[in-house]
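# Remarks on the overall topology
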Amino acid sequence: MAGRHRLLLENAQQLVLVCGRGEEFLLRDGAASLAVLRGASLVVGLDGCIKAVGQADVIRDQFSEATFERIIDCSGKCVLPGLVDAHTHPVWAGDRVHEFAMKLAGASYMEIHQAGGGIHFTVEHTRKATEEELFNTFKHRLERMRRAGSTLVECKSGYGLNLETELKMLRVIERAKQSMDIGISSTYCGAHSVPKGKTAREATDDIINNHLPKLKELKLSGEIHVNNIDVFCEKGVFDLDSTRRILQAGKDIGLQINFHGDELHPMKSAELGAELGARAISHLEEVSDEGITAMARAKCAAVLLPTTAYMLRLKQPPARKMLEEGVIVALGSDFNPNAYCFSMPMVMHLACVNMKMSMNEALAAATINAAYALGKSDTHGSIQTGKQGDLVVINSSRWEHLIYQFGGHEALIDYVIVKGKVVYQNERCGTMSSY
Ligand SMILES: N=CN[C@@H](CCC(=O)O)C(=O)O
Ligand SMILES: [Zn+2]
């Protein structure tokens, strides 16, 4: 194949496809036989999509007449799909390090929340922050996530709780979507907590009667493209009935359902999500056996958040039971002022050690399954001809080192690539060439 192409990654020791047969997700058995090529190369076209993947000599012959904007010799290195972070709260102002000290001293998440801290502390600061201030910190956080290998990130609003600030946050997310080389799935999370001065019912009515109609209007005008709707379904926050009403109203305006459920108390969130056709439910530390069965049957992804369970010393979600029962298990960093972690490699490590997932299962959960949770596994989450050229190159002959070396991702990751463009290059690989 002649012509001009964007990128050739050549002669990788391991090229981790993740899926070998175009799967939209991987269950336990699929993850066990993760698709990996050895001595392989891949080509990304000028449109940012993968054009060919195969043995290095075959690709060399097939593209002997072609030219490339960039060629990277991956001898001794591994190529993986860009990581997908299925759950983050990255737009906010204010510093809650003092609450970390309180939790270390024994205060619970909900004790701090009910005392007016937690989400409410962040809401106060986010309402006061300007859109520019929020964008600048958000941009920096996205760059740190990308530096750790994430190329598609789910980003929530939820620190406004009033229409004005929720829209301010969603505009910040939209601006990053349009201007940064990283994939973003945006989530309206106006039901992240009950705002001070309102009851849960009043907040629910405000969201359904005011927030969501405005979002629909802005979607039609093309100003803001929100993908998902989220609710913190929790004792003392939004109960099952309010959650149902809000999620259904969001689904009615075309949003995918992806919400916080069964985190601190068994709320039957999983059963509700399966009933409503939720794309994903996050947390699930307190999920019931019936909820697991319902999620598996409904192909509703479980987005597990190891850093929050670790940091709050919660009981771990029953990941092994979910995998045995055929649930699609995905991972997210849950980056937020309560769980301050940007790194999906560390999330995968914690999922293995604390949730007893295998490294294969953790990688599938942080790639194809996380993409599925965001409704994007047709374009992201595995290395396959036609999919977006989002890739991570590590300087190790075994891909598992990305999980095994806890906190080692900054030394391991040589290149992060989005749509075939190198968006991060480790300084050990020389200076970044401009396109
Ligand atoms: N549980 C609710 N929401 C976030 C925490 C948000 C915050 O504390 O600021 C979570 O997923 O853990
Ligand atoms: Zn969350």
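If you're wondering where the values come from, they're calculated on a predicted model, not measured in any experiment. (Residues numbered from 1 in each chain as written. Chains lettered and ligands numbered in written order. Predicted model: local features only at pLDDT ≥ 70, side-chain atom pairs only at ≥ 80, totals over all residues. Heavy atoms only, no water.)

### Thoughts on the overall build of the chain
A count of helical and extended segments in the chain gives 18 helices and 16 strands. By principal-axis analysis of the C-alpha atoms, the chain measures approximately 65 × 45 × 40 Å. Per-residue burial for the chain yields a buried fraction of 60% across its 435 residues. Across the chain, the fraction of contacts at a sequence separation of at least 24, relative to all contacts at a separation of at least 6, is 72%. Accessible surface computed for the chain: about 16,100 Å², of which carbon and sulfur atoms make up 50%. A gap of 1 Å separates the mean positions of the 48 positive and 52 negative side-chain charges of the chain. (Helix = DSSP H or I, 4+ residues; strand = E, 2+ residues; numbered from the N terminus. Buried < 20%, exposed > 50% of the residue type's maximum accessible area, 1.4 Å probe, protein only. Contact = heavy atoms within 4.5 Å. Areas by Shrake-Rupley, 256 points an atom, 1.4 Å probe, with all protein chains shown as cover. Lys, Arg positive; Asp, Glu negative; His and termini not counted. Charge placed at Lys NZ, Arg CZ, Asp CG, Glu CD.)

### What to know about the coordination of the zinc ion (ligand 2)
At this site the zinc ion (ligand 2) is bound by His-87 (NE2), His-89 (NE2), His-260 (NE2) and Asp-334 (OD), with donor distances of 2.0 to 2.8 Å. Mapping the donors of the zinc ion (ligand 2) onto the primary sequence gives the spacing H-x1-H-x170-H-x73-D. Highlighted residues: His-87 in strand S6 (residues 83-88) and His-260 in strand S10 (residues 256-261), separated in sequence by 173 residues. Pair check on accessibility: His-87 and His-260 agree, each one buried. (Donors = N, O, S within 2.8 Å, 3.2 Å for Na, K, Ca; no water.)

### Quick notes on unusual backbone geometry
Look at Lys-268: it is not a glycine, yet its phi comes out positive at around 65°. Note that Lys-268 resides in the loop between S10 and helix H10 (269-276). Backbone geometry at Lys-299 places phi at a positive 55°, although glycine is not the residue there. Relative to the helices and strands, Lys-299 is located in the loop between helix H11 (289-298) and strand S12 (301-304).

### With respect to a nonpolar patch on the surface
Taken together, the side chains of Val-97, Phe-100 and Leu-104 define a hydrophobic patch exposed on the protein surface, amounting to about 280 Å² of accessible area. Mapped onto the fold, Val-97 is located in helix H3 (residues 97-104). (Patch = residues over 30% accessible without salt bridge, like charges linked within 9 Å, V, L, I, M, F, W, Y side chains within 5 Å. Salt bridge = Lys/Arg side-chain N within 4 Å of Asp/Glu carboxyl O.)

### Comments concerning the packing of aromatic side chains
Taken as a whole and judged by the stated rule, the model has seven aromatic pairs. Between Phe-335 and Tyr-340, the ring centres sit 4.9 Å apart and the planes meet at 80°, which makes this aromatic pair edge-to-face. Looking at Phe-335, the relative accessible area reads 0%, which means it is buried. Look at Phe-335 and Phe-342: their rings are 4.4 Å apart centre to centre, the planes differ by 20°, and that puts the pair in the stacked class. Pair check on accessibility: Phe-335 and Phe-342 agree, each one buried. Members of the aromatic cluster, joined through ring pairs, are Trp-92, Phe-335, Tyr-340 and Phe-342. Here Arg-141 stacks its cationic end above the ring of Trp-92, 3.7 Å away from the centre of that ring. (Phe/Tyr/Trp six-rings, centres within 6.5 Å; stacked < 30°, edge-to-face > 60°. Lys NZ or Arg CZ within 6 Å of the ring centre and 35° of its normal.)

### Structural notes on the environment of Thr-126
By the element assignment, Thr-126 lies in helix H5 (residues 119-128). Thr-126 gets classed as buried once you look at its relative accessible area, which sits at 0%. A sequence separation of 34 residues divides Thr-126 from Gly-160, and the C-alpha atoms of the two residues are 6.6 Å apart.

### Things to note about the UniProt feature "domain: Amidohydrolase-related" (unreviewed entry) in the chain
Under the local residue numbering, the UniProt record ascribes the feature "domain: Amidohydrolase-related" (unreviewed entry) to residues 79-423. Span residues 79-423 is 45% helix and 17% strand, its end C-alpha atoms 15 Å apart. (UniProt positions renumbered as here; feature names shortened; annotations may be inferred.)

### What to know about the site of ligand 1
Taken together, 16 residues sit near ligand 1, with Arg-96, Tyr-109, Tyr-159, His-192 and His-283 positioned nearest. At 2.7 Å, a side-chain N or O of Arg-96 approaches an oxygen atom of ligand 1. In this structure, an oxygen atom belonging to ligand 1 sits 2.7 Å away from a side-chain N or O atom of His-283. Protein contacts shield 100% of the accessible area of ligand 1, which totals 330 Å² for the unbound molecule. Spatially, ligand 1 is embedded in the largest cavity. (Near = heavy atom within 4 Å. Polar contact = N/O pair within 3.5 Å; in protein donor to acceptor, adjacent residues only side chain to side chain. 1 Å grid on protein atoms, 1.4 Å probe; cavity = no way out; pocket = protein on both sides within 12 Å on 5 of 7 lines; lining within 4 Å. Sits in = over half its atoms within 2 Å of the grid points.)

### What to know about the layout of surface pockets
A probe as big as a water molecule, rolled over the atoms, marks out the empty space that is left. Computed from the structure, the largest pocket encloses a volume of approximately 540 Å³. What lines the largest pocket is a set of 27 residues, and nearest its centre among them are Phe-100, Met-311, Ala-339, Tyr-340 and Cys-341. Elements with a contribution of two residues or more to the lining of the largest pocket: H3, helix H12 (306-311), helix H14 (344-355) and helix H18 (409-412). Among the elements that line the lining of the largest pocket, the one with the most residues is H3, at five residues. Across the lining of the largest pocket, the residue classes break down as 15 nonpolar, five polar and seven charged. The residue makeup of the lining of the largest pocket includes at least three contributed by each of domain 1 (3-23 + 33-81 + 381-425) and domain 2 (83-374). Of the voids in this model, the second largest pocket is the one considered here, and its volume is about 240 Å³. In this structure, the second largest pocket is lined by 13 residues; those nearest its centre are Lys-177, Ile-182, Gly-183, Ile-184 and Lys-419. Those elements that provide at least two residues to the lining of the second largest pocket are helix H7 (163-179) and strand S8 (183-191). (Points joined across faces, edges and corners; volume = space filled by probe spheres on them. Nonpolar A, V, L, I, M, F, W, Y, C, P; charged D, E, K, R; others polar. Domains from an automatic or database assignment.)

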